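Per-entry structural report
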Amino acid sequence: MKTADAVLSALSKPETADGFISGEALAERSGVSRQAVWKAVKQLRLQGTRIEAVTNRGYRLTGAGGLLSEKAVASLIDEALGARVYVYQKIDSTNTEAKRRLAETSDVRSLDHTVIVASSQTAGRGRLGRAFYSPDGSGLYLSIIYAPKEKIESPALLTATAAVGVCRALLSVYEADAKIKWVNDIFMRGKKVSGILTEGLTDFERGGISCAVVGIGVNITPQNFPRDIADVATSVLEDKDADTKRSALAAAIVNDVLSIYDSGKKGFVRAMEEYRERSMLTGKTVTVHPVVGGAESYEAEVLDVGEDAKLIVKTGDGKTRFLDSGEVTLHSH
């Protein structure tokens, strides 16, 4: 176990009524030096864990809701879902780790409902090969492996309904009302707070997609976004010192997304009804940027989102198009 994880585990189980653990006791329980404990506390604070230090008393957790731990996340997930949770303080990418695990097994079904959660990513990825900014302490990054008995017909539907699950989780944990920008972005106050990347694994024997990795990133508290996204990205909370409640959010997302996935066709239909209610593009004029075939961008009016998660638009010549891929931006007058 890494030093930071060992110290975090010890802090999570204080043996005193006031919750304080002395530096000496922490060092002994973690099997490291006092200096290593101090460094671990510093690292954990950078990752968003609230740790109070008082001379002659030691350390204690003061914002347990911001703590991201395997035990905390797993304890909040509905047991009926059968999810298995693995938490990392830092990882290259939760989607990459999920795909590594899938590559190591001959039975992808055995990894169904496996969840990889991280406090930060060093190589987070978004759609179309873009990087996903994933700093320590202010966000949540997770991937869900979904490997149903039947092959997956529509990865886009998994992405769209996962967006609904994220919105439900934000509402339940933070009372935050979010909108969805087709197909995979969650918006608040006119800017992006969350993105979803779904990657499918092809089954060459049966044909089609055998399983999917659904990656979700959420900006929870304010951060210094890189210049290229500073104008379009924001965070769920506006107070940088607010309790991130990351374990609670991770569990809520897993509960809401997997509940949709496990509820069959009716669940997907209900989720898409909610998707349409939360759509921020319906009725708006947008610029459509095709990502395949080299076609030129064009303007269109968004009519609706179909049950299959396709964006239904009307072009200037009156034709109706059903989009299953591409990028759209709100048209600025």
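That block above? That's the structure.
None of these values were measured; they are calculated from a predicted model.

Thoughts on unusual backbone geometry
Of the consecutive residues Trp-182 and Val-183, the connecting peptide bond is found in the cis state with omega at 0 degrees. Within the secondary structure layout, Val-183 lies in the loop between strand S6 (179-181) and strand S7 (185-188). Phi is positive for Glu-175, close to 55 degrees, though the residue is something other than glycine. Residue placement: Glu-175 occurs in the loop between helix H6 (155-174) and S6.

Quick look at the sheet that holds strand S13 (residues 320-323)
Strands sit in the order S13-S12-S11-S10-S14 across an open sheet of five strands; the sheet is antiparallel. Of all the strands in the sheet, the pair left with one neighbour each is S13 and strand S14 (327-330). Along the sheet, successive strands turn relative to each other by an average axial angle of 45 degrees, direction set aside. In terms of strand pairing, strand S10 (residues 285-289) meets strand S11 (residues 298-305) through four bridges, oriented antiparallel. The residue of S11 that forms the bridge with Thr-285 is Glu-301.

Considerations on the environment of Phe-268
Assignment of secondary structure puts Phe-268 in helix H8 (residues 264-278). Take Phe-268: its relative accessible area is 13%, and that puts it in the buried class. Each C-alpha atom of the pair Phe-268 and Thr-161 lies 6.9 Å from the other, and the pair is 107 residues apart in sequence. Apart from residues no more than four positions distant in its own chain, Phe-268 is found in contact with Leu-157, Leu-158, Thr-161, Ile-260 and Tyr-261.

Regarding helix H5 (residues 94-103)
Residues of H5 that are buried: Thr-94, Asn-95, Glu-97, Ala-98, Arg-101 and Leu-102. Along the long axis of H5, the arc covered by the buried residues comes to 165 degrees, so they all point the same way. Measuring from the backbone nitrogen of Asn-95 back to the side-chain oxygen at the start of H5 gives 3.3 Å, which picks out Ser-93 as the cap.

Section: the side chain of Glu-274
In this structure, Glu-274 sits in helix H8. For Glu-274, a relative accessible area of 17% puts it in the buried group. In contact with Glu-274, other than residues within four places in its own chain, are Val-164 and Arg-168.

Remarks on the sheet that holds S6
Judged by pairing direction, the sheet is mixed, and its seven strands sit side by side in the order S3-S4-S5-S9-S8-S7-S6 without closing on themselves. The open sheet has two edge strands with one neighbour each: strand S3 (84-88) and S6. This sheet shows a mean twist of 20 degrees between the axes of neighbouring strands, independent of strand direction. Bridging between S6 and S7 involves three bridges; their strand directions are antiparallel. Each bridged residue has a counterpart across the sheet, and for Lys-181 the counterpart in S7 is Asp-185.

A word on the packing of aromatic side chains
One pass over the full model with this rule turns up three aromatic pairs. Ring geometry for Phe-132 against Tyr-141: centres 6.4 Å apart, planes inclined by 75 degrees, an arrangement best described as edge-to-face. With 6.1 Å between their ring centres and 20 degrees between their planes, Tyr-261 and Phe-268 make a pair best called stacked. Relative accessible area serves as the criterion here: at 3%, Tyr-261 is assigned to the buried category. Ring pairing ties together the aromatic residues Tyr-146, Tyr-261 and Phe-268, which thus form one cluster. Above the ring of Tyr-86, the side-chain terminus of Arg-101 is found at 4.1 Å from the ring centroid. If you follow Arg-321 out to its NZ or CZ, it ends over the ring of Tyr-298, 4.4 Å from the centre.

Some thoughts on the pattern of salt bridges
Under the defined criterion, the tally for this structure stands at eleven salt bridges. Put simply, Glu-238 and Arg-189 hold a salt bridge, and the shortest N to O gap is 3.8 Å. Here Glu-238, found in the loop between strand S9 (209-219) and helix H7 (246-261), pairs with Arg-189, found in the loop between S7 and strand S8 (191-202); they are 49 residues apart in sequence, far enough to count as distant. A residue is classified by how much of its surface remains accessible, and Glu-238, at 65% relative accessible area, is exposed. Owing to a relative accessible area of 43%, Arg-189 belongs among the partly exposed residues under this scheme. Notably, a salt bridge pairs Arg-278 with Glu-274, separated by 3.4 Å at the nearest N-O pair. Of this pair, Arg-278 and Glu-274 both sit in helix H8, four residues apart, roughly one helical turn. For the pair Arg-278 and Glu-274, a shared accessibility class is recorded, and that class is buried. A cluster of three or more residues bridged by salt bridges with shared partners is formed by Asp-92, Glu-97, Arg-100 and Arg-101.

Calculation notes
Per chain, residue numbering runs from 1 following the sequence as it is written. Where local features are concerned, this predicted model is filtered to residues with pLDDT of at least 70; where side-chain atom pairs are given and counted, the filter is 80 or more; whole-chain, interface and lining totals use all residues. Calculated side-chain values reflect all of the structure's heavy atoms, with hydrogen atoms and water omitted. Segments assigned H or I by DSSP are reported as helices when at least four residues long, segments assigned E as strands when at least two residues long, and all are numbered from the N terminus. At least two bridges found by DSSP between two strands is the condition for calling them paired. Axis definition: a line fit to C-alpha positions, over the contact stretch in the case of helices; interaxial angles, taken between N-to-C directions, run 0 to 180 degrees. The buried label applies to any residue whose accessible area, calculated with a 1.4 Å probe on protein chains only, is under 20% of its type's maximum; exposed applies above 50%, and partly exposed to all values in between. Any two residues having at least one pair of non-hydrogen atoms within 4.5 Å are treated as being in contact. Within this analysis, the arc is defined by the directions that extend from the helix axis to the C-beta atoms. We define a polar contact as two N or O atoms separated by no more than 3.5 Å, with the added condition that, inside protein, one atom must be a possible hydrogen donor and the other a possible acceptor, whereas residues neighbouring each other in sequence contribute only through side-chain atom pairs. Stacked, tilted and edge-to-face are the three classes applied to pairs of Phe, Tyr and Trp rings, where Trp contributes its six-membered ring and a pair requires centres within 6.5 Å; stacked means planes under 30 degrees apart, edge-to-face means over 60, and tilted covers the rest. Charge over a ring is defined by NZ of Lys or CZ of Arg lying within 6 Å of the ring centre and within 35 degrees of the ring normal. Salt bridge criterion: a side-chain nitrogen from Lys or Arg within 4 Å of a carboxyl oxygen from Asp or Glu.

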